[in-house]
Amino acid sequence: MGFVVFVIIPILLIVAIIMIRNSIVRYHNATIRAWSDVASYERQKLKILDGLQPLVEQYSSFEKGTLEKVTELRQNIMNLNIKDADIGQLQRIESLNRELMHNLNVVIENYPELKANEIYLKMMNEIEEQNENVGAAISIYNRNVELFNNQIQVFPHNIVNNMLLQKKAVRPFRDQAVTQSFDYRPNF
């Protein structure tokens, strides 16, 4: 009986630790993959912006600011770090994107012939679709961050993490511009 206690219990403990460690690694990898998806959708905008830029340049003598916003957004997306989640950089990209969309709508209002341009309309629809994809990818990323953070913070996972992996909690994406416009503030 004593032999069983000294052999079985340590084996069960080792198996439990291995399973917890592997679970933490799986959730960490899922978070990394979700961040890569966010970056990938942001990069898809580059292809659209590359085609939009010459079109806007035709009107650049009147709309230099819009062209500058397209260029700045493209540069920020190109600099987005795919390997590490840089939430601040993503917040800046989303802010620039909102400004650009507003400016492009102003350009359409000022130039009715541009509104009729099928290429321009197609690109605007593609940008809007990519914005929706980015929003969905950010939601998935935040969910993966929550799951991963739970894995490394709850008992006994936190002990295994501190002993073997030493992973740090990941910061979720929060759109500061949007949250500032809410009157409600949760008390957590």
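Please read all numbers here as calculations on a predicted model, not as lab measurements.

Rules used throughout
- Residues numbered from 1 in each chain as written.
- Predicted model: local features only at pLDDT ≥ 70, side-chain atom pairs only at ≥ 80, totals over all residues.
- Heavy atoms only, no water.
- Helix = DSSP H or I, 4+ residues; strand = E, 2+ residues; numbered from the N terminus.
- Buried < 20%, exposed > 50% of the residue type's maximum accessible area, 1.4 Å probe, protein only.
- Contact = heavy atoms within 4.5 Å.
- Areas by Shrake-Rupley, 256 points an atom, 1.4 Å probe, with all protein chains shown as cover.
- Salt bridge = Lys/Arg side-chain N within 4 Å of Asp/Glu carboxyl O.
- UniProt positions renumbered as here; feature names shortened; annotations may be inferred.
- Core = buried A, V, L, I, M, F, W, Y, C linked by side-chain atoms within 4.5 Å.

Colleague: It is not clear to me how the overall build of the protein chain should be interpreted in this structure. Could you clarify?
Modeller: Along the backbone of the protein chain there are seven helices and zero strands. The order of α-helices and β-strands along the protein chain, N terminus first, is α-α-α-α-α-α-α. Buried positions account for 36% of the 188 residues belonging to the protein chain. Looking at the protein chain alone, contacts between residues at least 24 apart form 76% of all its contacts between residues at least 6 apart. When the accessible surface of the protein chain is totalled, it reaches about 11,700 Å², and 57% of it is carbon and sulfur.

Colleague: It is not clear to me how the pattern of salt bridges should be interpreted in this structure. Could you clarify?
Modeller: It is possible for side chains of opposite charge to pair when their charged atoms get near one another. Under the definition given, this model contains two salt bridges. R92 is paired through a salt bridge with E72; the nearest N and O atoms lie 2.3 Å apart. Note that R92 is positioned in helix α3 (residues 87-110) and E72 in helix α2 (residues 64-78), a separation of 20 residues in sequence. A relative accessible area of 37% means that R92 is categorised as partly exposed. Between R143 and E146 there is a salt bridge, with its nearest N and O atoms 2.9 Å apart. With R143 and E146 both in helix α5 (residues 118-153) and three residues apart, the pair spans about one turn of that helix. Residue E146 is classed as partly exposed on the basis of its relative accessible area, which comes to 40%.

Colleague: What's the story with the UniProt feature "transmembrane region" (unreviewed entry) in the protein chain in this structure? I'm lost.
Modeller: Under the present numbering, the feature "transmembrane region" (unreviewed entry) in UniProt falls on residues 6-24. For residues 6-24, helix accounts for 100% and strand for 0%, while the C-alpha atoms at its two ends are 28 Å apart.

Colleague: Would you mind going over the side chain of H157 with me for this structure?
Modeller: One can find H157 in helix α6 (residues 157-165). For H157, the residues in contact, after removing those within four places along its chain, are I20, I24 and Q151.

Colleague: What am I meant to see in the nonpolar core here?
Modeller: Soluble, globular proteins show a tendency: their nonpolar side chains are buried together. By size, the foremost hydrophobic cluster in this structure holds 35 residues, and its most contacted members are W35, V38, L49, L73 and Y141. Beyond its immediate stretch of four places on either side in the chain, L49 contacts V70, L73, R74, I77, L100 and I127.

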